[in-house]
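Below are the chains, spelled out letter by letter.
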Amino acid sequence: MPEFRIYRLSADWVISPGESPRRLGSVFLYQDRVLAVADGSSSGRVAEELRASLPESARIVVEEHAYPGCAILPGLINAHTHLELSGWNRGFTEGQALWDWIPTVVVFRRSAAYRPAEALHRGIQECVAGGACGIVDIAQPGWPAWWLETVFPQQHLSSQPCPRVLSLLECIAVREDVVGALPARVDAHRRACALLGVDPGISPHAPYTVPPAVLRQLVSYANARALPVAIHLAETTEEGEFLQHQTGPFDKMFAELGINVRSLFGIGTSWAEYITILSQSRPLLVVHGNYLTSLERSLLRRLARRAAVVFCPRTHCRFGHARYPLDDYLAAGIPVILGTDSRATNPDLSILRELQTVRELFPHLPAAQILAMATSQPAKVLGWRGWGYLRDGASAQITVVKLGDQFAERDPLEAVLSPQTTVRAVWIDGQAAYSADNDN
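Residues numbered from 1 in each chain as written. Predicted model: local features only at pLDDT ≥ 70, side-chain atom pairs only at ≥ 80, totals over all residues. Heavy atoms only, no water.

A. Empty space enclosed by the protein, seen in detail. In total, this model carries two cavities of 30 Å³ or more according to the counting rule given. Put simply, the largest cavity is a space of about 50 Å³. Every residue lining the largest cavity is listed: Glu235, His288, Asn290, Phe311, Cys312, Thr315, His316 and His321. A class-by-class count of the residues in the lining of the largest cavity yields two nonpolar, five polar and one charged. Estimated volume of the second largest cavity: approximately 30 Å³. As for the second largest cavity, its lining consists of Val14, Ile15, Ser16, Glu19, Ser20, Arg22, Val37 and Leu390. Along the lines of polarity and charge, the residues of the lining of the second largest cavity split into four nonpolar, two polar and two charged. (1 Å grid on protein atoms, 1.4 Å probe; cavity = no way out; pocket = protein on both sides within 12 Å on 5 of 7 lines; lining within 4 Å. Points joined across faces, edges and corners; volume = space filled by probe spheres on them. Nonpolar A, V, L, I, M, F, W, Y, C, P; charged D, E, K, R; others polar.)

B. Geometry of the packing of aromatic side chains. This structure, assessed with the given rule, holds 16 aromatic pairs. Judged by centre distance (6.4 Å) and plane angle (85 degrees), the ring pair of tyrosine 114 and tryptophan 146 falls under edge-to-face. Taken together, the positions of tyrosine 114 in the loop between α2 (98-109) and α3 (116-129) and tryptophan 146 in helix α4 (residues 143-157) put the pair 32 residues apart, joining distant regions of the chain. Neither residue differs from the other here; tyrosine 114 and tryptophan 146 are each classed as buried. Above the face of the tryptophan 13 ring, arginine 23 is positioned so that its terminal group lies 5.1 Å from the ring centre. Here the guanidinium or amino end of arginine 391 rests over the ring plane of tyrosine 389, the centre of that ring lying 4.4 Å away. (Phe/Tyr/Trp six-rings, centres within 6.5 Å; stacked < 30°, edge-to-face > 60°. Helix = DSSP H or I, 4+ residues; strand = E, 2+ residues; numbered from the N terminus. Buried < 20%, exposed > 50% of the residue type's maximum accessible area, 1.4 Å probe, protein only. Lys NZ or Arg CZ within 6 Å of the ring centre and 35° of its normal.)

C. The arrangement of unusual backbone geometry in detail. The amide bond that connects arginine 282 to the next residue, proline 283, takes the cis arrangement and shows omega of -10 degrees. In this structure, alanine 226 is a non-glycine residue whose phi angle is positive, near 55 degrees. Looking at the secondary structure, you find alanine 226 in the loop between α6 (212-224) and β10 (229-233). The residue alanine 234 is not glycine, and still its phi comes out positive at about 55 degrees. Looking at the secondary structure, you find alanine 234 in the loop between β10 and α7 (237-245). Judged by relative accessible area, alanine 234 falls into the buried class, the value being 0%.

D. Molecular detail of α3. For α3, which comprises 14 residues, the first-to-last C-alpha distance of 19 Å matches the rise-based estimate of 20 Å (1.5 Å per residue) to within 8%. When α3 is considered as a whole, its buried residues turn out to be Pro116, Ala117, Ala119, Leu120, Gly123, Ile124, Glu126, Cys127 and Val128. With its phi angle positive at about 105 degrees, glycine 131 sits one or two positions after the end of α3. (Expected span 1.5 Å × (residues − 1).)

E. Local environment of the nonpolar core. Judged by nonpolar contacts, the single largest core of 130 residues is most densely connected at Trp143 and Trp147. Per-element accounting of this core gives the leading share, seven residues, to helix α5 (residues 176-196). With sequence-adjacent residues up to four places away left out, tryptophan 147 is seen in contact with Leu120, Ile124, Phe152, Pro153, Gln155, Cys162, Val165, Leu196 and Val198. (Core = buried A, V, L, I, M, F, W, Y, C linked by side-chain atoms within 4.5 Å. Contact = heavy atoms within 4.5 Å.)

F. Layout of the environment of proline 412. Note on placement: proline 412 falls in helix α16 (residues 412-416). For the pair proline 412 and tyrosine 274, spaced 138 residues apart in sequence, the C-alpha separation works out to 41 Å.

Structural data, given as structure tokens:
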């Protein structure tokens, strides 16, 4: 007799972007898909209809998972992080300049404390505990070996569901010998991703580490293979000074690191030139974009269907940047999605906390618009079909949050963004991946 095991997740609220929240709702999961979504008045009927849709000889088991005081959301997506830095132990100085912070990362990666395989495993666990079902990671060249050492065995030997990971190989070209090696590195990364069940992509690091000529080569490679591209862009105003004149603190930083970049970088380049080169990328993630002007925003607006800006709210605040131009991006119709950045700049990797920080920094924005920044918007830009919504046939990615605010009854969307709200459970591909009850 065939057996069909269906999971029924029920909570005070079921919330899906673009729809009214369902009171006392249920989500029915089978394998890696959402079978049905129902409110309190119809969930019993839906269960009976599911039973009636199969022959009498079939055995249907409905396993109940009740989450009182909670809201069920589409699985959240952390659109930017550096998992290999999850073992960071150097602390962080509030308001530290980026060009002072980068050398500390270089030193850390050369130290005995840098154990990237352990960090990768720990970072994934922390992302999931923070509500993420999907992760966009900036990977270093040693990534496949680290994945095989920790994540791959855990996933396959214990049947532990793993979040969907887009692994973007970080490309840095500040030395002539490295430039020639990049194509082989990207090829190897793409093949490793195919073997390990991970989505591949490319991340030219930043304008001060990837000259325009190399960026053109990387974008051409990515376009020919339909690979996503991400770049750290306009993170500081001093970055623009380096591009224009090869002066300022970034030039000094390279000199102190013993790196001569003058043979690779010309003067007179700009963020607009970089965006123009990147304009053929599908999709394109512009990470940070803290200081882009109206000129660069107008260029990005033309790419809005296949590009997004990635905002990392708590990292932005810790570096002491000027107010983030979120309103300008939204007014221009440029999608904004959220990431945690790394443990080297953030106290944790909770994407829920990033959502809550956006609410704190931008209290005038509609709660639904903020929630979309970690659900439907990144799913659309990344092309992750079935993600970002809760509806029949959707991908079975679920984040359950415990509502801690007193106005949950009248405004559950605002309650999700309340700082008292925490992650209660995470389901990945229709399997329970995290429960706060088991969190030590």
